[in-house]
Number of protein chains: 2
Amino acid sequence: MINYPIKKPQVVKATISVRNRGMDLEEAINQTNEYYVANDVAHIYKKPIPIQVVKVDYERRSAAKISEAYYKVPSTTDYNGIYRGRYIDFEAKETRSKSSFPLKNMHEHQVTHLENIRRHGGIGFIIVQFTLLDKVFLLDAQHVAEFWKRAETGRKSIEIEDFERLGRVVPEGYVKRLDYLKIVDEVYFK
Amino acid sequence: MINYPIKKPQVVKATISVRNRGMDLEEAINQTNEYYVANDVAHIYKKPIPIQVVKVDYERRSAAKISEAYYKVPSTTDYNGIYRGRYIDFEAKETRSKSSFPLKNMHEHQVTHLENIRRHGGIGFIIVQFTLLDKVFLLDAQHVAEFWKRAETGRKSIEIEDFERLGRVVPEGYVKRLDYLKIVDEVYFK
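None of these values were measured; they are calculated from a predicted model. (Residues numbered from 1 in each chain as written. Chains lettered and ligands numbered in written order. Predicted model: local features only at pLDDT ≥ 70, side-chain atom pairs only at ≥ 80, totals over all residues. Heavy atoms only, no water.)

Asks: Which residues make up the pattern of salt bridges, and what are the values?
Replies: Taken as a whole and assessed by the stated rule, the structure comprises 22 salt bridges over all chains. Taking the shortest distance from any N to any O, the salt bridge between B:Asp185 and B:Arg84 comes out at 2.6 Å. Of the two residues, B:Asp185 sits in helix α6 (residues 180-188) while B:Arg84 sits in the loop between β4 (79-83) and β5 (86-95), which places them 101 residues apart along the sequence. Taking relative accessible area as the criterion, B:Asp185 reaches 26% and is therefore assigned partly exposed. In this structure, B:Glu152 engages B:Lys149 in a salt bridge whose closest nitrogen and oxygen atoms are separated by 3.3 Å. Given a relative accessible area of 56%, B:Glu152 falls into the exposed group. Using a relative accessible area of 53% as the deciding quantity, one classes B:Lys149 as exposed. Several salt bridges share partner residues, and in doing so they unite A:Arg168, A:Lys182 and A:Glu186 into one network. (Salt bridge = Lys/Arg side-chain N within 4 Å of Asp/Glu carboxyl O. Helix = DSSP H or I, 4+ residues; strand = E, 2+ residues; numbered from the N terminus. Buried < 20%, exposed > 50% of the residue type's maximum accessible area, 1.4 Å probe, protein only.)

As structure tokens, then:
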């Protein structure tokens, strides 16, 4: 890709914004993690999706073809790894709601897992993208657990005002698409 | 399962040994990790095997059936998690050799990954089972990296004497089938 000289920064900014909106959250985080790994900043990876393999065909000698398999429910969260000597663990979710993040997007064992991590001295959080608002938040595991508890009797979602008040906006960028470790620095290493 | 009174401990010991020998290493580690999680000792999980999904059929409304998929090369190691506030990362391998562990059982990026973890303040190691000897060792990532480096010009395996000298034997047991965290305590938290 050739980088032409930029004359109108406003236009470029708009382009980034539109591009990120179209790009899914997982891809943005994966690209950011690749940047972190390549620059030896952190070693955080997405876990593969768990799949139950039922049948494998060996048509060719070189490659096994899986011909019957099913998706399984993940037992933990999507991402984990190490940063500044600390264990990092998080789940990433998108919502098209403009007002709140429905908790039905999470599994109970994921909330429990993040709490376990926190209790054991790790860093646990969720990253939530409000796709239509083009806004991405990081929210600590402890808050997630509290909202989860509240949902037993009350509201079953986390309002955007709660994200504004208790979470942090994750900055979007060109090279580091979603520089969530900048927020991790501010929240957990201040 | 009913626990009958035990009259001959030697016989029982032999049974455990034979049973463990037949049981594969992955299963033994998974059961141990379940014990650790259930007792809130550590939160360590096996990562799912990465699979490239090519084709999905929606025969029934309830379940998606994957009808074409292929195994991918894992980008990191098999296991990671948190223990006593530290990030833990390891790879587990079996060999039927009675004298040495062939390094062709590892991928270069796994060795690099374990080194990265170590440099960033995490705990990285390999667990190697000499199946025919009924012996399981834990060896620190730094040693693995050194043997890997040596293999460029020299010997392409780690001899069992090296495991005896530089590693530790992982105790086998009934409840905790392979209590590798006991060794982690001794090696990394002494």
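So that's the structure; there's more coming.
Asks: Give me the lowdown on the sheet that holds strand β1 (residues 42-46) of chain B, citing residues and values where you can.
Replies: Residue and element names in this part refer to chain B. In space, the six strands of this open sheet follow the order β1-β4-β5-β7-β8-β10, with mixed pairing throughout. Taken across any chain shown, the strands that pair with only one partner, and hence form the sheet edges, are β1 and β10 (168-169). Alignment of strand β7 (residues 123-130) against strand β8 (residues 135-140), held across six bridges, turns out to be antiparallel. Bridge pairing links Ile-126 to Leu-139 in β8. Sheet contacts for helix α2 (residues 25-38): β1, β4, β5, β7 and β8; angle to β1, the most-contacted strand, approximately 150°. Seen against the sheet, helix α4 (residues 141-150) touches β7 and β8 and runs at an angle of roughly 85° to β8. (Pairing = 2+ DSSP bridges. Contact = heavy atoms within 4.5 Å. Axes fitted to C-alpha atoms, helices over the stretch in contact; angles between N-to-C directions.)

Asks: Go over the interface of chain A and chain B with me, naming the residues and quoting the values.
Replies: Every contact between the two is made by 35 residues of chain A and, on the other side, 35 residues of chain B. The contact between chain A and chain B buries some 3000 Å² in all, and 64% of this surface belongs to carbon and sulfur atoms. In this structure, the connection of chain A to chain B is made through two salt bridges. Between B:Asp40 and A:Arg119 there is a salt bridge, with its nearest N and O atoms 2.8 Å apart. Where chain A touches chain B, the interface holds 10 residue pairs in polar contact (both at pLDDT 80 or more). Among the elements that take part in the side of chain A that touches chain B, strand β3 (residues 65-71) of chain A stands out by supplying seven residues, more than any other. When β3(A) meets strand β3 (residues 65-71) of chain B, the two strands line up antiparallel, connected through four bridges. Opposite A:Lys65, over in β3(B), you have B:Tyr70 as the bridge partner. (Buried area = accessible area lost by both parts, 1.4 Å probe. Polar contact = N/O pair within 3.5 Å; in protein donor to acceptor, adjacent residues only side chain to side chain.)

Asks: Run through the relation of the copies chain A and chain B, naming residues and quoting values.
Replies: By a simple turn and slide, chain A fits onto chain B: the slide is 0.0 Å along the axis, the RMSD is 0.0 Å, and the turn is 180°. The two molecules are tied by a two-fold rotation axis, judged by turn and shift. Looking at chain A, 100% of its interface residues are interface residues in chain B too, so the copies touch through the same face. (Least-squares fit on C-alpha atoms with pLDDT ≥ 70 in both.)

Asks: Describe α6(B), with residues and values.
Replies: Taken together, the buried positions of α6(B) are B:Tyr180, B:Leu181, B:Ile183, B:Val184 and B:Tyr188. One side of α6(B) holds all its buried residues, which, seen down the axis, span an arc of 150°. (Arc of directions from axis to C-beta.)

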